[in-house]
Amino acid sequence: MHMEKLLLGVDVGTTNVKSVLFSIDGSPLAYSEGCYETYHPSSNCAEQEAEEWWNATADTIKEVVSKVKHLNSEIMAICVSSQSPTMLPIDSNGMPLRRGLIWADRRSVKETQWIVDYFGGPEKYQSRFGCAPDSFYLLPKLIWYKNNEPDLFHKTKTILLTNGYINYKLTGVVAIDKIQAISATMAYNINSNDWDNEVERVTGIPLHDIMPPIYQQHEVIGGVSALAAERTGLKKDTPVVCGTADGIANILEVGITKMGDAADITGTSTMFFASADQPAPPKSTVITLQQNFDIPDVPYMLLGASSASGASLKWYRNAFHHYLEKERHARGIKNVYKLLDDKAETSCPGSQGLLYFPYLSGERCPHWNSYLRGMFVGLTPTTKEEDIIRSILEGVAFSTRNLMDETIKNGGVVKRIRATGGAANSNIWLQIKASVLKMPLEVSTGIGGAPLGDALIAGYGVGLFKDFVQAVNNFQKIDAIVEPIERWMKIYDEIYPIFTQMSKQMHSELYDLSQALERIKQF
C-alpha cells in the first residue's frame, strides 16, 4: 500500500499557534489552532509565558496527528516558525527564567539609544549590523534584562527566540536560524559574519556563550525526543528543521519567485516584501534579506514592517467588547470582525475626514520610533462609529502604502502583490488596500499562511523537492483578485500625502508627551 508523505508546519504567532499537516503537494489535511495570553505589566511592555506557547503548540500538534491516524502516512519533517524577536532567558536546566519579552515590548528605548550612541549614531550602527536600530530588536531587550534583573541574568544559560523554545521542547536542541540572527537581534555584525565582539565588551553580555548555535532555517537540528513524542503524538526521531521567523515562512507561502513579485502579509502586524536584485542602500528604512533558498531569480528581498495593523482593529474590538457582542448576538452575526466589516462598509472613502494613525506600539518602517502612538485626527460632532472603524482600516492601508513606497524607493520591484494573513479575510479591507496601493491584490484566504511556508522549508530540509521554485509555485493557491476602485483611488491619493506628512510632524511632540508621562509617574 502506498505510504503518503506528510509535512508538519507550525507557526507560533503573536496571538495564536497554528499547526497544519500538508501533503507534499501543499494540500492541507489537518488543522488545529490554540491561543495564549499577552501580558502588559505597563503600557510599553508585552510579555508571554513560554509554557503557554508549548502547551498550545503540543495540543495542536496532537490534534492534527490524531486526525490523520486513519491514513497510511508518515510525517517526514517538522518546521516551526514564530513571531520575532522574543527575548526568552533559559537556565542550565532548560527552564524559562521569566516571561519572554516579545517584539511588541518597548521598554528598552533608553538601552537602544545608549548602544546606538556608543557606536556613533544610527547610520554607523546600521552599516555594522544591517538594521535601523530600534527597541523592537533583541539586543536592547537583553541589555534591559541584564541591567534590571541581574540575578536572573546571572542564572541565564541561553537566550531563545519563540520558535527556538518550541524546537528545544521538541528535540532538546537549542538553535537559532541565520536569518533571525542577522535580522532580529541588532547584535550580529554583517561585516565579520559573527556576533559582534565590541557589543560583548561594552555590554558585558557574552553573546558567543548565551546565543544558540546558528543553523540555516532548513537544516535538521535533531529529532523529536521520546518525551515530546509522548506529549504530542509524533513519532520519536521525526526530523525537526531549524525554522525561522513567521514572515520568512510567509514569503514562501506567497510565492516570491521572480522579480516584480511582492507580498502584503497583515495579521497582528504588517510585513511588506518586495523582490530586489541588490541590497537596499545604506541609511535605508527597510530591511534587506538575502535569498536563502534555491530561488535564483530573486537574490534579495526588501522588507518594510509596521507594528499594529490587525492589532489596531483588535484594540477596538476589545475596547468596545460588551457593546459589540450584544449587537452581534442581536443581529445573528457569527464573527465580531464581520460585524466591524459591515459597519465600515456603511461609511464612505475617507471616513468623513477622520484619519487614524496605527502606532499603538510605536512604529517600525519608515519611522523607527518607539515614541509614536496611535491617534485619531479629524473627529467632529458628526463622526459616527462606522467612520471610526473604517478609518482604522484606511489608516493601516496608508501605512502599508508607506511600506511599499519605501521598498520601491530603496530598490524593490513591485509588479504583482499577493495579500495574505488574517486581514485577507476582510473584503472591505482588501478593497480599501487595493485602492490605496493602486494595484490589484491576489488573495489567498485558505489554510496556508506561515505553516504552508514551514512545510516547504521542512520538505526542502529533508530533500523532498528536487526543483524548489516549482514546489513553491505548486503550493500557491489564489482564491480571488481584488481590483482597486477608480473613485476610491482618487480620494485616497488626496489623503495619503497628508497622512505621511502628519506622521512625520508628530515625532517631537509625542516624544515630549512620553517624557511628561514619565515625570507624572513621580507625582
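Worth saying up front: this structure is predicted, and the values here are computed from it rather than measured.

Caption draft 1: Main features of the overall build of the protein chain. Along the protein chain, the regular secondary structure elements total 20 helices and 24 strands. In summary, the protein chain has a C-alpha radius of gyration of 22 Å against a globular reference of 24 Å for 523 residues, a match within 12%. Counting every position in the protein chain, which comprises 523 residues, the buried fraction comes to 58%. Put simply, of all contacts in the protein chain between residues at least 6 apart along the chain, 71% involve residues at least 24 apart. For the protein chain, the accessible surface area stands at approximately 21,200 Å², while carbon and sulfur atoms represent 52% of it. Positive and negative side-chain charges in the protein chain, numbering 50 and 59 respectively, have mean positions lying 2 Å apart.

Caption draft 2: Local environment of the pairing of strand S1 (residues 4-12). S1 sits mainly inside the fold: seven of its nine residues count as buried. In this structure, S1 lies alongside strand S5 (residues 73-82), joined through nine bridges in parallel fashion. Following the sheet pairing, Asp11 is matched in S5 by Ser81. Bridge analysis of S1 against strand S2 (residues 16-23) gives seven bridges, and the strand direction is antiparallel. Opposite Val12, over in S2, you have Val17 as the bridge partner. Following S1, the chain reverses through three residues before pairing antiparallel with S2.

Caption draft 3: Local environment of empty space enclosed by the protein. Considering all chains together, one arrives at two cavities of 30 Å³ or more under this definition. Lining the largest cavity we find Ile179, Gln217, Ile248, Ile251, Leu252, Leu289, Gln290, Gln291, Asn292, Phe293, Ile295 and Met301. Every element with two or more residues in the lining of the largest cavity is listed here: helix H11 (246-254) and strand S18 (287-290). Among the elements that take part in the lining of the largest cavity, H11 stands out by supplying three residues, more than any other. The class makeup of the residues in the lining of the largest cavity is eight nonpolar, four polar and no charged. For the second largest cavity, the calculated volume is near 50 Å³. When contributions to the lining of the second largest cavity are tallied by element, the ones reaching two or more residues are strand S16 (261-266), strand S22 (416-420) and helix H16 (427-437). Per-element accounting of the lining of the second largest cavity gives the leading share, three residues, to H16. Here the lining of the second largest cavity is composed, by residue class, of five nonpolar, two polar and two charged.

Caption draft 4: Local environment of the packing of H16 against helix H19 (residues 486-505). Packing of H16 against H19 leaves a shortest axis separation of 8 Å and a crossing angle of 65 degrees. By the angle between their axes, H16 is roughly perpendicular relative to H19. You can see that H16 and H19 cross each other, and the crossing is right-handed. In this structure, H16 uses Ile428, Gln431, Ile432, Ser435 and Val436 to contact H19, whose residues at the interface are Trp488, Met489 and Tyr492.

Caption draft 5: Seen up close, the packing of helix H14 (residues 336-345) against helix H15 (residues 385-409). At a closest axis distance of 8 Å, the pairing of H14 and H15 adopts a crossing angle of 105 degrees. Our classification of the angle between H14 and H15 gives roughly perpendicular. Contacts between H14 and H15 involve Leu340, Lys343 and Ala344 from the first element and Glu385, Glu386, Ile389, Arg390 and Leu393 from the second. Counted by class, the contact of H14 with H15 contains four nonpolar, no polar and four charged residues.

Caption draft 6: Focus on helix H12 (residues 310-319). Turning to H12, its buried residues number three or more, namely Gly310, Ser312, Leu313 and Tyr316. What you see down the axis of H12 is that its buried residues fit within an arc of 165 degrees, all on one side.

Caption draft 7: Main features of the sheet that holds strand S24 (residues 480-482). Read across the sheet, seven strands follow the order S18-S19-S17-S16-S22-S23-S24 without closing on themselves; strand pairing throughout is mixed. Looking at which strands have only one partner, the edges of the open sheet turn out to be S18 and S24. The average angle at which neighbouring strand axes cross in this sheet is 25 degrees, direction not considered. Bridging between strand S23 (residues 441-443) and S24 involves three bridges; their strand directions are antiparallel. Its bridge partner being in S24, Glu442 is matched across the sheet by Ile481. On top of the sheet, H16 reaches S16, S22, S23 and S24; it is set at about 150 degrees to S23, its chief contact.

Here is what the cut-offs are and how they apply
- Residues numbered from 1 in each chain as written.
- Predicted model: local features only at pLDDT ≥ 70, side-chain atom pairs only at ≥ 80, totals over all residues.
- Heavy atoms only, no water.
- Helix = DSSP H or I, 4+ residues; strand = E, 2+ residues; numbered from the N terminus.
- Rg over C-alpha atoms; globule rule 2.2 N^0.38 Å.
- Buried < 20%, exposed > 50% of the residue type's maximum accessible area, 1.4 Å probe, protein only.
- Contact = heavy atoms within 4.5 Å.
- Areas by Shrake-Rupley, 256 points an atom, 1.4 Å probe, with all protein chains shown as cover.
- Lys, Arg positive; Asp, Glu negative; His and termini not counted.
- Charge placed at Lys NZ, Arg CZ, Asp CG, Glu CD.
- Pairing = 2+ DSSP bridges.
- 1 Å grid on protein atoms, 1.4 Å probe; cavity = no way out; pocket = protein on both sides within 12 Å on 5 of 7 lines; lining within 4 Å.
- Points joined across faces, edges and corners; volume = space filled by probe spheres on them.
- Nonpolar A, V, L, I, M, F, W, Y, C, P; charged D, E, K, R; others polar.
- Axes fitted to C-alpha atoms, helices over the stretch in contact; angles between N-to-C directions.
- Parallel < 35°, antiparallel > 145°, perpendicular 65-115°, else oblique.
- Left-handed = near helix turned anticlockwise from the far one by under 90°.
- Arc of directions from axis to C-beta.

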